[in-house]
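# Architecture and fold: a report
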Amino acid sequence: MAYAAPRHVDDVGRDRFMRRAAVRSITFRAAALDARPSQREYVLAGSVLLVVLALRLAYVFSFRIDTDEPQHLHIVWAWTQGLLPYRDVFDNHAPLFHMMLAPFAAAFGEDPAIIAWMRVAMIPISGFTLWCTYLLSRTTFGESVGVWAAVWLAACPRFFLTSVEFRADTLWAALWLASLTVLLAGRLEPWRGLAGGFLLGADLAVSLKTGLCIAALAIATGVVRLVVPRPSGVEARTLRRFTVAAVLGTSIVPLAVMLFFATKGALTPFLYGTITHNVLPGLQLGMGWPLRLLTLAAFVPLCWLGARVCFVTARSHGEAARRMALFLAGAVYIALLESLWPVETKQDYQVALPILLVFVAALGVLAGRAAVRSRPRWRLRAGLVPYALTLVALAQIGVLLEVAPVAGGPIRVDPDLIADVLRLTRPGDEVMDLKGETVFRPRPFFYALETFTRERLERGLLADTISERLITTATHVAVPDSDRLPPRARAFLRDHYLSVGRLRVAGRMLTTSPSRARTGIVFHVEIPAPYAVASAAGTAHGELDGERYDGPRALTTGRHVFRTKADEGPLALVWAPTLERGFSPFAARAADPGMVPSS
């Protein structure tokens, strides 16, 4: 771990330390970074944060819904129903995020607007991340850098958009920053190692990607110990105690989680869902391994150069240790992510962006202070520096509004889908969805059709038993067609389900013609249920299996025949409650919502 920051170093040690400086021209001056922000800076920074908060509330209720959000919410709902994830409901994420948010979901109940309200719950977590960024920056560079690092992070489009969504990565980033804040804020005392390790362990129970963070922090610690002379008063025994306490703290939450699932008899499903399912040799999205290894090789000198700059621009060994540890924790994480992690997503950078913004803000504040002291021709009035820093934040907000308008972006999940599910089905009814986008209904097929599941289906490591499960569970409702479905299941759903708008129900269109209407329309039923034969005008008239048809009838699996003498136009066989609950296959044909896009 990074060494504690002493108040100062002795004169001899300081001279030796400064003689090592290879880049004297970029030395961070104490006056430049340690100066307290003016009242004007606080007012401007606070104003930007209020603008960001207002935008955040607007995006919460209007920004497009990502497919991961209802997937997470489906698992949260499962906890509220007494179901045990991994055993009763499939999940391939660590459990702590869903366990913590379950009480909030239970308070809202089965509300179609649940995703928006759960997004609101992400706001204080994001605020905590900003606070930790401020504390880290203040500890490492000074008060002014802390203020602007937090403000620029709040306005950063990538961080803003990802943290708007309801996903575990928001809590993941918050706990990671909190652990760094504790570990780097003071002397290497056992209680600090225990507290920081506890937060790291909790973070590991939120996302297993924390393993990359821990690896990056371990590498950063090793480099710091090699490069930075040991501060006076820091003995080997102190380092050992601190390390042991940190390791012990890190193990507390993961062991408690494993013990919980073991007592429920679900340790094996838990380990499969969180580890085994996500480890798939040969799965690699984006760059191939040779290019990834070249990327890693390119990162090594960049990380070393950045670490050297942190070293030579610090005023003490402790300050150098903190800056190097923080910089390398972020830089090495990015290097490992880009080179070793098989599936990279936009949210993977949530833990690195705050660290990056700490150093960007330090450069920004330094540039502003330097401009005040530059030659008269280029000199900037001191009072204009806060406005220049504010313009950077406003420029980020402008980019945000340009790349992702408040109500823009491709729709991945129809926000009205949940409302239709609640209107068409009853509690306990199963609905065939892809990743849990129906939120409040169980899925007949155990696995969510996410990246790893689809790859396992394609390789034959998992059997496509979706059609059999639809029949066995008598599932009458499914989401629209999607290329995420495996071919066999997709064909079955197309043959035996009928679109009624945002959903599909058991049934099919019946091919009609004057001759076939009199001789009989033959069709097969695979999913036994009460069915109705309908026309665009209402209930069809005729004979079903030789008996006069006068309303919905329970049909068994097998061959059936419908005869009609009237010319009623197109006919549809449809799961009977569909019509009773206000849905129609004919209205859906007039305004087909189309296929659900993959993501």
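First, a word on scope: everything that follows refers to the structure included in this document. (Residues numbered from 1 in each chain as written. Predicted model: local features only at pLDDT ≥ 70, side-chain atom pairs only at ≥ 80, totals over all residues. Heavy atoms only, no water.)

### Some remarks on the packing of aromatic side chains
Considering all chains together, one arrives at 20 aromatic pairs under this definition. When the centroid spacing of 5.5 Å and the interplanar angle of 80° are considered together, the rings of Phe-61 and Trp-117 count as edge-to-face. In this pair, Phe-61 is assigned in helix α3 (residues 39-62) and Trp-117 in helix α6 (residues 114-120), connecting sequence segments 56 residues apart. Given the relative accessible area of 35%, Trp-117 is considered partly exposed. Aromatic pair Phe-108 and Trp-117: ring centres 6.0 Å apart, planes at 15°, arrangement stacked. When its relative accessible area of 34% is taken as the criterion, Phe-108 is described as partly exposed. One aromatic cluster is present, built from ring pairs that chain together Trp-79, Tyr-86, Phe-260, Phe-261 and Phe-270. (Phe/Tyr/Trp six-rings, centres within 6.5 Å; stacked < 30°, edge-to-face > 60°. Helix = DSSP H or I, 4+ residues; strand = E, 2+ residues; numbered from the N terminus. Buried < 20%, exposed > 50% of the residue type's maximum accessible area, 1.4 Å probe, protein only.)

### Describing the nonpolar core
Ranked by internal contacts, the top residues of the largest apolar core, which has 127 residues, are Trp-176, Met-324 and Tyr-333. When residues in this core are grouped by element, the largest group, 15 residues, is from helix α16 (residues 317-340). When sequence neighbours within four positions are dropped, the list of residues in contact with Tyr-333 reads Trp-172, Leu-212, Cys-213, Ala-216, Leu-328, Asp-348, Val-351 and Ala-352. Judged by nonpolar contacts, the second largest core, of 47 residues, contains Tyr-497, Val-505, Ala-532 and Val-574. (Core = buried A, V, L, I, M, F, W, Y, C linked by side-chain atoms within 4.5 Å. Contact = heavy atoms within 4.5 Å.)

### Re the pairing of strand β6 (residues 529-535)
Of all the seven residues making up β6, six are buried; the element is thus mostly covered by neighbouring parts of the structure. Pairing geometry for β6 and strand β10 (residues 553-555), over three bridges, is antiparallel. Bridge assignment links Pro-530 to a residue of β10, and that residue is Ala-554. Of the pairings in the sheet, the one linking β6 to strand β12 (residues 571-575) comprises five bridges and is antiparallel in character. Bridging across to β12, Val-533 finds its partner in Leu-573. What sits between the antiparallel neighbours β6 and strand β7 (residues 538-539) is a turn of two residues. (Pairing = 2+ DSSP bridges.)

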